[in-house]
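Understanding the architecture of this molecule
Below, each chain spelled out in residue letters.
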Amino acid sequence: MDFTLNEDQVLLRETARAMFGNECPPELVRDAFYDVTSSGPEAASSFFDRHLRDWAALGDAAVVDLCLFMEEAGRVLAPGPAWVNTSLFLPLLRAIEHPSADLVAAGEVTGTVAVCGSDGYWVLNNDPMRSFVPHANEVDVVAILSAGNQVSCVAVAELDLQEVATLDRSRPVFQFAVPAGLDSTEIGAEQLAVVLNRGTVALAAELIGVGRWLMDTTLEYVRERVQFDRPVGSFQGLQWKLVDAALLLERADAAVYYAAMCLDAGAPEQDRAVHVAKAAAGIAARRWARDGLQSLGGIGFTWEHDLHLRLRRAQASEQLLGSASWHHDRLAELIFAPD
Amino acid sequence: MKLTWGAEEEAFRDELLAFLDAEVPEEIKGGRDWIGDESPEIPKWASEFQAKLFDHGWMVPSYPPELGGRNATPLQTLIFLEELASRGVSRSVHFGGYAIVGPSLLEFGNEQQKGMAPSAIRGDTVWCVGMSEPDAGSDLASLQTRAVPDGDSFIVTGQKVWTSYAMVAEKCFCYVRTDTSVAKHKGISVLIIDMDSPGLEVRPLRHLTGAIEFAEVFLNEVVVPKENLVGELNSGWRITMGSLAHERGALWVESVSSAQRALEGLVEIARRQGLEQDGVVRRKLAELYEEVHSLRALGYKGFASFAQGSSAPEHSFMKLATSELRQRIYAFGMELQGPYAAVVDPEFVEEGGRWQQSWQISLAGTIGGGTSEIQRNVVATRVLGLPRG
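With respect to the overall build of chain A
Looking only at helices and strands, chain A features eleven helices and nine strands. In terms of overall size, chain A behaves like a compact globule, its C-alpha atoms giving a radius of gyration of 20 Å where 339 residues would be expected to give roughly 20 Å. If one aligns the C-alpha atoms of chain A with their principal axes, the spans along those axes are about 70 × 55 × 40 Å. Residues classed as buried in chain A amount to 53% of the 339 residues present. If you take every contact in chain A between residues at least 6 apart in sequence, the share linking residues at least 24 apart comes to 71%.

Details of the interface of chain B and chain A
The interface is formed by 34 residues belonging to chain B together with 42 residues belonging to chain A. Residue assignment for the side of chain B that touches chain A shows that the elements contributing at least two residues are helix 9 (279-307), helix 10 (314-335) and helix 12 (372-383) of chain B. Per-element accounting of the side of chain B that touches chain A gives the leading share, 15 residues, to helix 9 of chain B. Split into classes, the residues belonging to the side of chain B that touches chain A amount to 18 nonpolar, six polar and ten charged.

A short note on the sheet that holds strand 4 (residues 150-155) of chain A
Residue and element names in this part refer to chain A. The strand order 1-3-4-7 describes an open sheet built from four strands, whose pairing is mixed. The sheet is open, and its two borders are formed by strand 1 (111-114) and strand 7 (185-186), each paired with just one other strand. With six bridges connecting them, strand 3 (residues 141-146) and strand 4 associate as antiparallel partners. Across the sheet, the residue bridging to Leu 145 is Val 151, located in strand 4. The sheet contacts of helix 5 (residues 82-95) involve strand 1, strand 3 and strand 4, and relative to strand 1 the element is tilted by about 75°.

A look at the packing of helix 3 (residues 74-86) of chain B against helix 8 (residues 252-272) of chain B
All names here are of chain B. Following both chains from N to C, one finds helix 3 and helix 8 inclined at 30°, their axes separated by 9 Å at the closest point. By the angle between their directions, the pair helix 3 and helix 8 is classed as roughly parallel. Once helix 3 is placed against helix 8, the crossing between them reads as right-handed. Across the interface between the two elements, Leu 78, Leu 81, Glu 82, Ala 85 and Ser 86 from helix 3 touch Val 253, Glu 254, Ser 257 and Ser 258 from helix 8. Residues belonging to the contact of helix 3 with helix 8 are distributed by class as follows: four nonpolar, three polar and two charged.

Structural notes on the domain arrangement of chain B
For chain B, the domain assignment lists domain 1 (7-93), domain 2 (127-240) and domain 3 (251-383). For domain 1 of chain B and domain 2 of chain B, the distance between their C-alpha centroids amounts to 30 Å.

What to know about the sheet that holds strand 5 (residues 162-164) of chain A
All names here are of chain A. Pairing in this open sheet of three strands is antiparallel, and the strands run 2-6-5 from one edge to the other. A single partner strand is all that each edge strand has here, and the edge strands are strand 2 (129-134) and strand 5. In this sheet, neighbouring strand axes are inclined to one another by 30° on average, regardless of whether the strands run parallel or antiparallel. One ladder, built from four bridges, connects strand 2 with strand 6 (residues 173-177); its direction is antiparallel. Considered in strand 6, the bridge of Met 129 is made with Ala 177.

What counts, and at which threshold
Residues numbered from 1 in each chain as written. Chains lettered and ligands numbered in written order. Predicted model: local features only at pLDDT ≥ 70, side-chain atom pairs only at ≥ 80, totals over all residues. Helix = DSSP H or I, 4+ residues; strand = E, 2+ residues; numbered from the N terminus. Rg over C-alpha atoms; globule rule 2.2 N^0.38 Å. Buried ≥ 20, exposed ≤ 12 C-beta atoms within 10 Å, placed from the backbone. Contact = placed C-beta atoms within 7 Å. Nonpolar A, V, L, I, M, F, W, Y, C, P; charged D, E, K, R; others polar. Pairing = 2+ DSSP bridges. Axes fitted to C-alpha atoms, helices over the stretch in contact; angles between N-to-C directions. Parallel < 35°, antiparallel > 145°, perpendicular 65-115°, else oblique. Left-handed = near helix turned anticlockwise from the far one by under 90°. Domains from an automatic or database assignment.

Rendered as structure tokens:
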């Protein structure tokens, strides 16, 4: 068990951090968030086109590498479909040996996945509808998964997308009626689990990045903000709250990379590790959104402060690919499963 | 980042496991959640096991053979602690000698005092550590036991409390005040005091559990030779920071492993109590599982920084997190027994009362070795960089 990053991983993280730092300033993120015109989020797609298509091949890389990238993307709240395209769509196409997989890795074609039926749970089904399909308006292809481990790839243009507004406008989700008579390919149950695990851990890594921004921003604020002639961060009531929240984030961070290592090694405990990672990351990010907001006081409860963007992402991502409670219940099934 | 160790580490593990399979005493083979019993005497099997560990280089593996080790690397030390902890095997029933006194003598003692380290680590000499006092608990630096120079001696007067194994120890590694005119951290020294010195009285103090493990130590004009001073005069505060730096990167292993074994026990109780399908029980167990396993990952992450010589802020969280987690795990183990949760008669409860006993012991975990409140203050200022209150 070695958490030491190798040189390539250090370089990857630094390159990603520098790219996001230079190319994805808060103004761009806000523009992407507030531009909800009928033509779609232009700032989001242009940022993705200019900078994130080059990173699509990370979908073929080690999960640890993918997570390092997603954490940085989450920290700045990078606009666009990078998470779903890289972490779910590309691995899914690889798993079924789809002829377009290389084009996706090259950043020339993009896609998303449609799993949930109308009930919104990320479980394969035969519902006539697919819901909670992320970023469907920003990609070329939707891979529809159905009961019996069937995968159908459909051009977005052929679907009648309906946006369902969520708390998080920076990650739009859509529903559509599944067209009749689609060709489909079967994916092996084990391969499907690998794909979903990969997407889940990558989303958890993104949540860690969201949590890191919230933690850094909060700590900086309470060190500087003076009330009653002293920095509010010197009050024990606030300190202990933030220590507990920091512990949640630190252990979630470690759990995410542990799960990534388990996936890369094909370890027997990988399913458990993924449930732990997503549950812990969702809990930690939401806790920092809540306690960060409380620590910032009135300024945090404004439209102009960027905190609400993260609060929304934390709340919405908690539900994508299963909430903490959902993962805990899956974990319980494994804990009580006969050996 | 990778999940597995190299061949050299695995060879080390194999050798260790062969030793443990052959030598772990029957009394602790099944693992124990606690140490300390009704009697303060150190059992024979425990002394023999400690000596055997020392003689085979398994007592403090990072030390050289003459100190009970085998020059193990940090990684090997991690593996060592992990294998011991996963079996619930303790190296010693009196940790002060090998974990605090031995390492401190080696780091701060003169040649003659360094020579006392091997027997402290092997357990041949039982030591107690005189730190806390009635008015110096969390605020250790305010200790008031006075040592006044008198010719070739110090005359020591004062009181220590919560001193583990004082009633069976031969020697005390004792923190005393040697200068009252300076800031409290700067007037502390360490003396080696023979427990049979005239004027020294030990009164056993029962734990809340009923066990006798610690004591009050009264010192009334105890004469201590000046050569028993450890390190420089008034440099004692530095020595409090000394203990077992070699193992600091992996001290969390024992508490996480103990929590993990307890959690596995919870699953078995839930099965036996017919609560396997109870939704509330299932979710609670899964939450605890998430907590235990993410803390293990956090410990490993900190270890990676530690092994590279960096500071490991992750480890500042571990004592705080694992001590509170263990309290909740044991309390849940009682709750799973329904109305029998409060019963301690071994005939009527799960595992002879293990859960009730361990729950009581776990209550000390958030007090001893730095309270949870102090831990939170330390993390707030040193890790999160928040201003002091």
